[in-house]
Amino acid sequence: MQKTALVPYAQLPCAHHDRHVLTSTVDVSGTAHWLLAEHAPQPGDAVRPFDALVVSVEPDGSVEFTELSAVRARWPRLDRLPDGGFVVAASRVRRDADANQVQVFDALGRETASFSVGDAIEHLLVDEAGRIWVGHFDENPVGIRCWTATGRLAWASDDADIPGLFDCYALNVSGTTAWACPYTDFPLVEIRPDRTHRPVRVWANRVQGAKAVAVHGERVTFYGGYGEDGDRLAHAEISETSVEPTGVGLLTLPDGSPPGRRRIVGRGSRIYVQDEPFTTWGVYDLSS
């Protein structure tokens with residue numbers, strides 16, 4: 001089986017390796033971000049507001065720092081807004097309507113808004129328009145929703161007729177378009193809320209269990225799967241009504257070894273992968 005190695009993409013500067021990485025992501029413009037704290041959260045502790053540092057590494061290698069005040073999320077999700085601010089969200093909440101779940105910070109690290117998007121966040125990705133896309137896992141099967149940075153619900157999958165949407169396994173946000181591959185039926189789904197005549201398109205798909213998807217023109221690649229397929233790259237072509245497989249390979253770290261515990265972000269034709277200790281991002285680009 002053909003192996004494809006990730007290309008080294010971005011690295012957390014060594015001067016910050018002594019801090020705990022709460023989470024990390026790559027935004028819609030390709031900038032990598034790390035949310036750092038002095039200490040790791042301890043199980044059972046009450047979540048007290050704490051100061052955190054965002055270290056941002058731009059595609060050209062330049063580094064920026066943003067100090068966030070009074071972060072409240074124990075197990076956070078992070079992304080950057082187009083105005084230079086940040087969104088930090090708690091992936092788990094104890095109540096359905098926790099007004100403190102999502103915090104919006106301005107470019108100076110000051111909180112400007114807070115609202116709830118619901119428990120069990122699997123993915124949180126901001127698009128070029130500043131909309132916040134949220135996909136949930138199965139403990140809160142509300143599907144896929146899109147929010148403004150002020151907490152207004154901009155789009156929801158409730159009436160989108162997406163078959164088997166129970167758990168958002170894979171979500172890719174690029175430009176103002178979202179792509180998804182949700183459990184249980186694993187269709188390939190394109191979502192364009194601004195396309196009023198047909199905001200959602202769905203293609204039948206036989207690749208099961210993928211944790212990320214990359215799309216380039218009529219080509220698509222699914223990454224991950226169940227059991228031994230955890231490192232699988234499944235390539236396919238998009239036809240009129242379905243996704244037709246064209247080949248299967250394996251994705252490895254740059255040195256050829258398999259990733260361990262990992263974070264994954266899908267952005268257009270790219271899949272970014274980061275394994276422990278979560279200080280380095282690698283990239284697979286379908287368009288290359």
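Please refer to the structure placed before this passage.
Please read all numbers here as calculations on a predicted model, not as lab measurements.

Q: Please explain the packing of aromatic side chains as it appears in this structure.
A: Any aromatic ring pair is given by two values, namely how distant the centres are and how the planes are angled relative to each other. The tally for this structure, following the rule as stated, stands at 10 aromatic pairs. When the centroid spacing of 5.2 Å and the interplanar angle of 75° are considered together, the rings of Y169 and F186 count as edge-to-face. Residue Y169 is found in strand 15 (residues 167-174), and its partner F186 is found in the loop between strand 16 (177-183) and strand 17 (188-191); the two are separated by 17 residues along the sequence. What makes F186 buried here is its relative accessible area of 2%. Relative to Y226, the ring of F186 lies with its centre 6.3 Å away and its plane at 75°, an arrangement referred to as edge-to-face. One end of the pair, F186, is in the loop between strand 16 and strand 17; the other, Y226, is in the loop between strand 20 (219-223) and strand 21 (232-238), and 40 residues separate them in sequence. Judged by relative accessible area, Y226 falls into the partly exposed class, the value being 41%. Clustering of aromatic rings is evident, with ring pairs tying together F166, Y169, Y183, F186 and Y226. Of note, K211 hangs over the ring of Y169, and the distance from its end group to the ring centre comes to 4.0 Å. Above the face of the F278 ring, R263 is positioned so that its terminal group lies 4.1 Å from the ring centre.

Q: For this particular structure, what's the right way to read the state of the cysteines?
A: Linking two cysteines covalently through their sulfur atoms gives a disulfide. In the structure shown here, the tally under the stated rule is 0 disulfides. Summary of cysteine pairing: C146 is not part of a disulfide, and the nearest cysteine sulfur, belonging to C168, is at 13 Å. Judged by relative accessible area, which is 0%, C146 ranks as buried.

Q: Help me out: how do you make sense of the sheet that holds strand 19 (residues 212-216) in this one?
A: Two strands in a sheet stick together by hydrogen bonds in their backbones, pointing the same way (parallel) or opposite ways (antiparallel). Reading across the sheet, the 5 strands line up as 1-22-21-20-19 and stay open at both edges, with mixed pairing between neighbours. Among the strands making up the open sheet, the edge pair consists of strand 1 (2-5) and strand 19. Strand-to-strand twist in this sheet, taken as the mean axis angle between neighbours without regard to direction, amounts to 30°. In this sheet, strand 20 lies alongside strand 19 in antiparallel orientation, the contact comprising 5 bridges. Bridging across to strand 20, H216 finds its partner in R219.

Thresholds, definitions, all that
Residues numbered from 1 in each chain as written. Predicted model: local features only at pLDDT ≥ 70, side-chain atom pairs only at ≥ 80, totals over all residues. Heavy atoms only, no water. Phe/Tyr/Trp six-rings, centres within 6.5 Å; stacked < 30°, edge-to-face > 60°. Helix = DSSP H or I, 4+ residues; strand = E, 2+ residues; numbered from the N terminus. Buried < 20%, exposed > 50% of the residue type's maximum accessible area, 1.4 Å probe, protein only. Lys NZ or Arg CZ within 6 Å of the ring centre and 35° of its normal. Disulfide = S-S within 2.5 Å. Pairing = 2+ DSSP bridges. Axes fitted to C-alpha atoms, helices over the stretch in contact; angles between N-to-C directions.

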